[in-house]
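# Remarks on the overall topology
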Amino acid sequence: MRYDLRELPLTARYKILNSTVTPRPIAWVTTMSKGGVVNAAPYSFFNVCGVEPPLVVLGLLKDLRTRQLKDTATNIIDTGEFVVNLVCEGDAEKMNLSSVDAPREVSEIDYAGIETVPSEAVRPPRVATSPVSFECRKVAALDIGTHQTVMIGEILVAHIADAFISDPDKLYLDTPAMGLIGRTHGAGWYARTTDQFKLDRPTFDPARMKKDDEA
């Protein structure tokens, strides 16, 4: 089947992207409102997108009914600060619970019983049980279209739990032991990162080109 995304409605485009671009890492984003309310919400339109400076990118969808910014985007734009916490399987239920459409005055930290610890460079706290947390400052907020804000943030401080650092001097990390989870297709489906395989990156072999020419 061929789908022209220029002609499809929003819901159809979302279904195609959500069901094909998988697995997606989850950014469990903690922010703080101007009034001091701490917000926590998971987003899977997320990835790193640079190292000089180190950057993360978030795709923050607006409220489909009102086309207004949700709490996370509002707080980041207002304060310029946020924390990306990666999600391990042990935190899956609390992460999912924090995705509820709570009133702005309600903190998902309290609602979902999420344990936090203070950050160093930004005001929003980080999730205490997260294997990895990135303290970030807003670099750019781009409204592209009517239903989304693309948020780019610079990572100021990275926190990695000591249990997952196998060699501090060489920065060797035991990533499989973190038990991170990702989002997959449809509504409510997740993936573990326990089934993995390795491919070494090859070096260029001119002989392969000669074989193609001879054929």
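Above this text sits the structure in question.
What this report covers is the structure whose coordinates are included nearby. All values reported here derive from a predicted model rather than from experimental measurement. (Residues numbered from 1 in each chain as written. Predicted model: local features only at pLDDT ≥ 70, side-chain atom pairs only at ≥ 80, totals over all residues. Heavy atoms only, no water.)

Moving on, we get to empty space enclosed by the protein. Applying the stated rule across the entire model yields one cavity of 30 Å³ or more. Computed from the structure, the largest cavity encloses a volume of approximately 40 Å³. Lining the largest cavity we find Tyr43, Leu60, Leu61, Lys62, Leu69, Lys70, Thr72, Ala73 and Thr149. Contributing elements (two or more residues each) for the lining of the largest cavity: strand S5 (54–61) and helix H2 (71–79). Counted by class, the lining of the largest cavity contains five nonpolar, two polar and two charged residues. (1 Å grid on protein atoms, 1.4 Å probe; cavity = no way out; pocket = protein on both sides within 12 Å on 5 of 7 lines; lining within 4 Å. Points joined across faces, edges and corners; volume = space filled by probe spheres on them. Helix = DSSP H or I, 4+ residues; strand = E, 2+ residues; numbered from the N terminus. Nonpolar A, V, L, I, M, F, W, Y, C, P; charged D, E, K, R; others polar.)

When H2 is considered as a whole, its buried residues turn out to be Asp71, Thr72, Ala73, Thr74, Asn75 and Ile76. Where H2 ends, the next residue or the one after it, glycine 80, has phi of about 80°, a positive value. (Buried < 20%, exposed > 50% of the residue type's maximum accessible area, 1.4 Å probe, protein only.)

Moving on: the sheet that holds strand S6 (residues 81–86). The strand order across the open sheet built from seven strands is S3-S2-S6-S9-S10-S5-S4, with neighbouring strands paired in antiparallel fashion. The two strands at the open ends of the sheet, each matched to only one other strand, are strand S3 (38–43) and strand S4 (46–51). Shown here is a sheet whose adjacent strand axes are inclined to one another by a mean of 35°, direction ignored. Bridge count between S6 and strand S9 (residues 132–143): five bridges; the pairing is antiparallel. For glutamate 81, the partnering residue across the bridge sits in S9 and is arginine 137. Relative to strand S2 (residues 27–32), H2 is tilted by about 55°, and along the sheet it contacts S2, S3, S5, S6, S9 and strand S10 (148–160). (Pairing = 2+ DSSP bridges. Axes fitted to C-alpha atoms, helices over the stretch in contact; angles between N-to-C directions. Contact = heavy atoms within 4.5 Å.)

Let's shift gears to the sheet that holds strand S13 (residues 181–183). Strand order in the open sheet formed by three strands is S1-S13-S14, with antiparallel pairing between adjacent strands. The sheet terminates laterally at strand S1 (24–25) and strand S14 (190–192), the two strands that pair on one side only. The pairing of S1 with S13 spans two bridges and is antiparallel. Looking across to S13, one finds that proline 25 is bridged to glycine 182.

Counting residues in hydrophobic clusters, the biggest one holds 21 residues, and the most contacted among them are Leu58, Phe82 and Val84. Secondary structure elements with two or more residues in this core: S2, S3, S5, H2, S6, S9 and S10. (Core = buried A, V, L, I, M, F, W, Y, C linked by side-chain atoms within 4.5 Å.)

Looking now at the pattern of salt bridges. All told, the structure shown has nine salt bridges when counted by the stated rule. Across the pair arginine 2 and aspartate 4 runs a salt bridge, and its minimum N-O distance is 3.8 Å. In this structure, aspartate 63 and arginine 65 form a salt bridge, with 3.0 Å as the shortest nitrogen-oxygen distance. Put simply, Arg2, Asp4 and Arg6 are held in one network by salt bridges that share partners. (Salt bridge = Lys/Arg side-chain N within 4 Å of Asp/Glu carboxyl O.)

What follows deals with the layout of surface pockets. Computed from the structure, the second largest pocket encloses a volume of approximately 470 Å³. Taken together, 23 residues line the second largest pocket, and the ones lying closest to its centre are Pro25, Leu86, Thr175, Leu180 and Thr193. Mapped onto the lining of the second largest pocket, the elements with two or more residues apiece are S1, S4, S9, S13 and S14. Broken down by element, the lining of the second largest pocket gets its largest block of residues, three residues, from S4. Taken together, the residues of the lining of the second largest pocket break down into 16 nonpolar, five polar and two charged.

The next thing to look at is the environment of asparagine 47. Within the secondary structure, asparagine 47 sits in strand S4. Along the sequence, asparagine 47 and glycine 59 sit 12 residues apart, while their C-alpha atoms lie 9.3 Å from each other. Ignoring anything within four residues of it in the chain, the contact list for asparagine 47 reads Pro25, Val56 and Val57.

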